[in-house]
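For reference, the chains in residue letters:
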Amino acid sequence: FKLNVKISFLYWMILLVGFSYIGYSLYSLTLLNTSTLVVVALYFGLVELSILTMYGFVLLAKFEINIGEMIMKSLLYGHKHILTTITIISVIGANVWLIIYVHPLFIIVGFGIAGYVISRLVLESVVLKYVDKEELDRYDGE
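Residues numbered from 1 in each chain as written. Predicted model: local features only at pLDDT ≥ 70, side-chain atom pairs only at ≥ 80, totals over all residues. Heavy atoms only, no water.

## Quick notes on the overall build of the protein
Consideration 1: Counting its secondary structure elements, the protein contains six helices and zero strands.
Consideration 2: In sequence order, the protein lays out its α and β elements as α-α-α-α-α-α.
Consideration 3: Considering only C-alpha atoms, the protein reaches an extent of 55 × 35 × 30 Å along its principal axes.
Consideration 4: Look at the contacts in the protein between residues 6 or more apart in sequence, and 68% of them connect residues 24 or more apart.
Consideration 5: Total accessible area on the protein stands at roughly 9500 Å², and carbon and sulfur atoms take up 72% of it.
Consideration 6: Separation between the mean location of the 9 positive side-chain charges and that of the 10 negative ones in the protein comes to 3 Å. (Helix = DSSP H or I, 4+ residues; strand = E, 2+ residues; numbered from the N terminus. Contact = heavy atoms within 4.5 Å. Areas by Shrake-Rupley, 256 points an atom, 1.4 Å probe, with all protein chains shown as cover. Lys, Arg positive; Asp, Glu negative; His and termini not counted. Charge placed at Lys NZ, Arg CZ, Asp CG, Glu CD.)

Structure representation (structure tokens):
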């Protein structure tokens, strides 16, 4: 954990700036009624940042990795396993829907269930396919 704190903070700041810029741009452009091509490009950027968020922190938690390698692997895993990515987004969306429309108690239970499902989907079905057994044992032993 100590090895990745600086990288995690820097990565989180990059994502925060990216999400803030896209959110502000979408808000501004919808008020101005601009062309739909720009709005589609911003939504594409939003999807890419979401993929970086989903897979980047999983890689950072499991391995000692630099930011460039983490970004490349996150985008590779997110696009190569697009059905897993869509499933993760659906689980998060279902959790938000349950919190808003069913009962606020799902904020406690839903995040635990969503975290479990997402960790099983991402770690077991995606990330562990690309890791050597020796490399995984080296990081688990530390």
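## Here we look at the packing of aromatic side chains
Consideration 1: Under the counting rule described, the total for this entry stands at four aromatic pairs.
Consideration 2: Aromatic pair tyrosine 11 and phenylalanine 57: ring centres 5.2 Å apart, planes at 70°, arrangement edge-to-face. One end of the pair, tyrosine 11, is in helix α1 (residues 5-32); the other, phenylalanine 57, is in helix α2 (residues 36-62), and 46 residues separate them in sequence.
Consideration 3: Judged by relative accessible area, phenylalanine 57 falls into the partly exposed class, the value being 24%.
Consideration 4: Look at tryptophan 12 and phenylalanine 57: their rings are 5.6 Å apart centre to centre, the planes differ by 55°, and that puts the pair in the tilted class. Of this pair, tryptophan 12 sits in helix α1 while phenylalanine 57 sits in helix α2, and the two are 45 residues apart along the sequence.
Consideration 5: Within the aromatic cluster, the residues linked to one another by ring pairs are Tyr11, Trp12 and Phe57. (Phe/Tyr/Trp six-rings, centres within 6.5 Å; stacked < 30°, edge-to-face > 60°. Buried < 20%, exposed > 50% of the residue type's maximum accessible area, 1.4 Å probe, protein only.)

Purely spatial values, then, with no claim about function.
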